[in-house]
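So the chains spell out like this:
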Amino acid sequence: MIPVTKPYLPNRERLDRYIDGIYERAWLTNNGELVKELTKRLESYLSVENLLLVANGTLALQIAYRALGISGHVEPTEAITTPFTFVATASSLKWEGIEPIFVDINQNTWCLDPTLIEAAITPNTKAIVPVHVFGNACEVEKIDNIARKHQLKVIYDASHAFGVNYKGESLLKHGDAATLSFHATKLFHTGEGGAIIFKRKEDLERAKKMINFGITGPEVIEGLGINAKMNELQAAMGLAVLDEIDQNLSARKEIWTEYKEILKGLVKFQDNSMNSTKNYSYFPAVFKSKEVANKVLNILMENNIHPRRYFYPSLETLTYVTDNNRKIVSHGIANKILCLPIYPGLKIDTVKESIYKAIKHINQEKK
Ligand SMILES: *Cc1c(COP(=O)(O)O)cnc(C)c1O
């Protein structure tokens, strides 16, 4: 079976060397040596400061909201976000008592459409939570300007944007905070894990306390906290994956480039921001209609190839949100999109052939 993605498994001896260190120190969590080392190495690799490792990408979002003071547990609070993303972007808001208000996406970039944001701002709006979807940079200057004008915080869900640069600098520097997911299926991973990159040091310091129950000394509990710490085993996996990141990226790039070549003219691709680099972590393709996308999916499944409908459904359809107004663009793309298998080690020839045949077959049926 060819799945849409496969976790990257680093060289076993390499991983074992990190784990040997854990055994020698007999230290498994609470800001251990490997967590400290991974923090430094990621800050250097990504060219960012104020990076905080956490247990997963969803907690990264939740802690970022809290550290920036926008929890909704005290007064009615809303945040503007995109309906075209993984459910955790919206559910993490709701979980923190913040009502997600969806603003539609641009039909070419599939990121939040900045021209629609201001109309959705109310007296309860505290933040904008855009997503660099599939690693494509949002229109960060426009979003930052709107946020400044209305005194809103900006938290980018940058779960897909590991290593992406924008105008020659890390994309993760934009916003009051940007969050990453290091889930097993992501480009860079720690099994489960995540990180927050804060713009300001004081927000990082606040978040550091929050992820360890608010405890700041043996007998001091300074404020409300939770457990969101990354442990040493997660960090060991991360360090081993980071050691091999170059070969991971180049393998993806090769597959990505081949897909692009063979699918030219047959599907619609995402328009990549002119100012940003790519990390080749996904290969999304939009088909002519829902029916075509469904047929391609079925034909590929018959051939044991399993693309996924990412992101489906458009999140304004969630039962637990109050903003259920149909977002036309997001809804349309969610219905017609498939993410094709992409991971190092994928034998792309069979996939290419099947996709090509499926699309040809459907086109001929129509004639
Ligand atoms: C993966 C992902 C998350 C959640 O991250 P976890 O590490 O699985 O908790 C959040 N947002 C987006 C856009 C994601 O793709």
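All of the points below concern the structure found in this document. Here the structure is a predicted model, which is why all the values come from computation and not from measurement. (Residues numbered from 1 in each chain as written. Predicted model: local features only at pLDDT ≥ 70, side-chain atom pairs only at ≥ 80, totals over all residues. Heavy atoms only, no water.)

**Considering the packing of aromatic side chains**
Each aromatic ring pair is characterised by the separation of its centres together with the angle its planes make.
Okay, step 1: Using the criterion set out here, one finds 15 aromatic pairs in the structure.
Okay, step 2: An angle of 15° between the planes, with centres 5.4 Å apart, marks the rings of F134 and F311 as stacked. Of this pair, F134 sits in the loop between β4 (125-129) and α5 (140-150) while F311 is found in the loop between α9 (290-302) and α10 (328-336), placing the two residues 177 residues apart along the sequence.
Okay, step 3: The class of F311 is buried, set by a relative accessible area of 5%.
Okay, step 4: Between W256 and F283, the aromatic rings sit 5.5 Å apart at their centres with planes inclined by 65°, giving edge-to-face as the arrangement. Note that W256 is positioned in helix α8 (residues 245-263) and F283 in strand β12 (residues 283-286), a separation of 27 residues in sequence.
Okay, step 5: Owing to a relative accessible area of 1%, F283 belongs among the buried residues under this scheme. (Phe/Tyr/Trp six-rings, centres within 6.5 Å; stacked < 30°, edge-to-face > 60°. Helix = DSSP H or I, 4+ residues; strand = E, 2+ residues; numbered from the N terminus. Buried < 20%, exposed > 50% of the residue type's maximum accessible area, 1.4 Å probe, protein only.)

**Regarding the nonpolar core**
Okay, step 1: By size, the foremost hydrophobic cluster in this structure holds 66 residues, and its most contacted members are L42, F84 and F162.
Okay, step 2: Broken down by element, this core gets its largest block of residues, seven residues, from helix α7 (residues 232-243).
Okay, step 3: Shared between two domains, this core holds at least three residues of each, these being domain 1 (12-103 + 110-242) and domain 2 (245-366).
Okay, step 4: In contact with F162, not counting residues within four places along its chain, are L42, Y45, L46, L180, F182, L187, F188, L242, I245 and N279.
Okay, step 5: Formed by 30 residues, the second largest nonpolar core is a distinct cluster that contains F283, L338, L340 and V351. (Core = buried A, V, L, I, M, F, W, Y, C linked by side-chain atoms within 4.5 Å. Domains from an automatic or database assignment. Contact = heavy atoms within 4.5 Å.)

**Some points on the packing of helix α3 (residues 57-67) against helix α6 (residues 201-210)**
For any two helices packed against each other, the geometry comes down to the angle between their axes and how far apart the axes lie.
Okay, step 1: Following both chains from N to C, one finds α3 and α6 inclined at 120°, their axes separated by 9 Å at the closest point. Relative to α6, the element α3 lies oblique. At the point where α3 passes α6, the crossing takes the right-handed sense. Along its contact with α3, which presents I63, R66 and A67, the element α6 presents D203, R206, A207 and M210. (Axes fitted to C-alpha atoms, helices over the stretch in contact; angles between N-to-C directions. Parallel < 35°, antiparallel > 145°, perpendicular 65-115°, else oblique. Left-handed = near helix turned anticlockwise from the far one by under 90°.)

**Comments concerning the environment of G21**
Okay, step 1: One can find G21 in helix α1 (residues 12-25).
Okay, step 2: On a C-alpha basis, the gap between G21 and L34 in space is 8.6 Å, while along the polypeptide they are 13 residues apart.

**Focus: the sheet that holds β4**
Okay, step 1: Read from one edge to the other, the open sheet built from seven strands follows the order β1-β9-β8-β5-β4-β2-β3, with strand pairing classed as mixed. In this open sheet, the two strands that pair with only one neighbour each are β1 (51-54) and β3 (98-102). The average angle at which neighbouring strand axes cross in this sheet is 25°, direction not considered.
Okay, step 2: One ladder, built from three bridges, connects strand β5 (residues 153-157) with strand β8 (residues 177-181); its direction is parallel. Counted as the bridge partner of I155 is A177 from β8. (Pairing = 2+ DSSP bridges.)

**Comments concerning the site of the ligand**
Okay, step 1: The environment of the ligand is formed by 14 residues, the closest being T58, D157, H160, S181 and K186.
Okay, step 2: One of the side-chain N or O atoms of D157 is found 2.7 Å from a nitrogen atom in the ligand.
Okay, step 3: Residue K186 places a side-chain N or O atom 3.2 Å away from an oxygen atom belonging to the ligand.
Okay, step 4: If the ligand stood free it would expose 380 Å²; the protein chains cover 93% of that surface.
Okay, step 5: Taken together, the elements giving at least two residues each to the shell around the ligand come down to α3 and α4 (87-95).
Okay, step 6: When grouped by side-chain class, the residues that make up the shell around the ligand number two nonpolar, ten polar and two charged. (Near = heavy atom within 4 Å. Polar contact = N/O pair within 3.5 Å; in protein donor to acceptor, adjacent residues only side chain to side chain. Areas by Shrake-Rupley, 256 points an atom, 1.4 Å probe, with all protein chains shown as cover. Nonpolar A, V, L, I, M, F, W, Y, C, P; charged D, E, K, R; others polar.)

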